[in-house]
Amino acid sequence: MEQQRLDKIIASTGKWSRREAKELARRGLVTVNGAAVCSVEKKFAPEAVEISVNGEVLSYRRVTWIMMNKPRGYLSATEDGRGKTVLDLLPRELQRQKLFPVGRLDKDTEGLLLLTDEGGLAHALLSPKRHVDKVYYTRTKGRLTEEDCQAFAAGMSLPDGLQCQPARLEILLADKESEARVTLREGKFHQVKRMLAARGKPVLYLERVQMGTLPLDRGLARGAFRFLTEEEIAGLRALV
Ligand code: URA
């Protein structure tokens, strides 16, 4: 079992920085197996000990899974010379953890974005073979119709050559500007926008509201994030 410095273990929770961990330890507020540890340079195998900070027992995560409510204006990438990425919305301690987004949302798309350092499960969730539903709320220019729903259900062939798998379009409001829920089981580049544009109803606004069994936590403000619970991670594993 790999040993790590105490400040690194504490900072990996995202709740305290390394500097805060040092200060708390100095004040006797960091304990390992019940005994105060004043030096955060000491190393421990995090899964083998009980660490408590300021009275709070750490649940040490082997892997990190984060749900973010992505705002517009951020790229779903780990680095980009030209602009802000979703990683810029995380505290520095988490930025150092080699997290990456699970799939991409366009720069102007908002909503549910998962970030993790667990490559295997992330990859499986995105695989078109696994058929994990991605659900979007969209506002379009133009009146959506029953024919649009049928075209989505049949599997569209786009003018640019993309052959789409059958998808679900549920109309929430049909008007000069319409609202709908779109459910896809794949995630090709700009897919929702391309499918709706091909129906002559360009997308004005797009938000991902669900991935698999996981709905966007409406308690999260735009740009905010939280760790997934053990149950939520288990729910994702059960999908693949
Ligand atoms: N489809 C799109 O067109 N854009 C996204 O960001 C996600 C799905």
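Residues numbered from 1 in each chain as written. Predicted model: local features only at pLDDT ≥ 70, side-chain atom pairs only at ≥ 80, totals over all residues. Heavy atoms only, no water.

**Description of the environment of L206**
Link 1 in the chain: Position of L206 among the secondary structure elements: in strand β13 (residues 203-211).
Link 2 in the chain: L206 gets classed as buried once you look at its relative accessible area, which sits at 5%.
Link 3 in the chain: Through-space distance from the C-alpha of L206 to that of L105 is 9.5 Å; in sequence the pair is 101 residues apart.
Link 4 in the chain: Excluding anything up to four places from it in sequence, L206 contacts D108, T109, E110, Y136, Y137, T138, V192 and K193. (Helix = DSSP H or I, 4+ residues; strand = E, 2+ residues; numbered from the N terminus. Buried < 20%, exposed > 50% of the residue type's maximum accessible area, 1.4 Å probe, protein only. Contact = heavy atoms within 4.5 Å.)

**Section: the domain arrangement of the chain**
Link 1 in the chain: Each assigned domain of the chain is listed with its residue range as follows: domain 1 (4-57), domain 2 (65-128 + 214-239) and domain 3 (133-211).
Link 2 in the chain: On a C-alpha basis, the centres of domain 1 and domain 3 stand 49 Å from each other. (Domains from an automatic or database assignment.)

**Let's talk about unusual backbone geometry**
Link 1 in the chain: Non-glycine residue N33 carries a positive phi angle of around 50 degrees.
Link 2 in the chain: In this structure, N33 sits in the loop between β2 (30-32) and β3 (35-36).

**Concerning the packing of aromatic side chains**
Link 1 in the chain: Counted according to the given criterion, the structure contains two aromatic pairs.
Link 2 in the chain: The lysine or arginine in question, K84, covers the ring of Y74, its NZ or CZ lying 4.7 Å from the ring centre. (Phe/Tyr/Trp six-rings, centres within 6.5 Å; stacked < 30°, edge-to-face > 60°. Lys NZ or Arg CZ within 6 Å of the ring centre and 35° of its normal.)

**What to know about the site of the ligand**
Link 1 in the chain: The environment of the ligand is made up of L105, D106, T109, Y136, H190, Q191, V192, K193 and L206.
Link 2 in the chain: Within the complex, the protein chains bury 96% of what would otherwise be the 240 Å² of accessible surface of the ligand.
Link 3 in the chain: Broken down by element, the residue count for the shell around the ligand peaks at three residues, all from helix α6 (residues 191-198).
Link 4 in the chain: Counted by class, the shell around the ligand contains four nonpolar, three polar and two charged residues. (Near = heavy atom within 4 Å. Areas by Shrake-Rupley, 256 points an atom, 1.4 Å probe, with all protein chains shown as cover. Nonpolar A, V, L, I, M, F, W, Y, C, P; charged D, E, K, R; others polar.)

**Details of the sheet that holds strand β6 (residues 56-57)**
Link 1 in the chain: A sheet is described by the order of its strands in space; here four strands give the open sequence β3-β2-β5-β6, paired in antiparallel fashion. Whereas interior strands pair on both sides, the edge strands pair on one side only; in this sheet they are β3 and β6.
Link 2 in the chain: Relative to strand β5 (residues 51-53), β2 runs antiparallel, the two being bridged by three bridges. Bridged to T31 within β5 is S52. (Pairing = 2+ DSSP bridges.)

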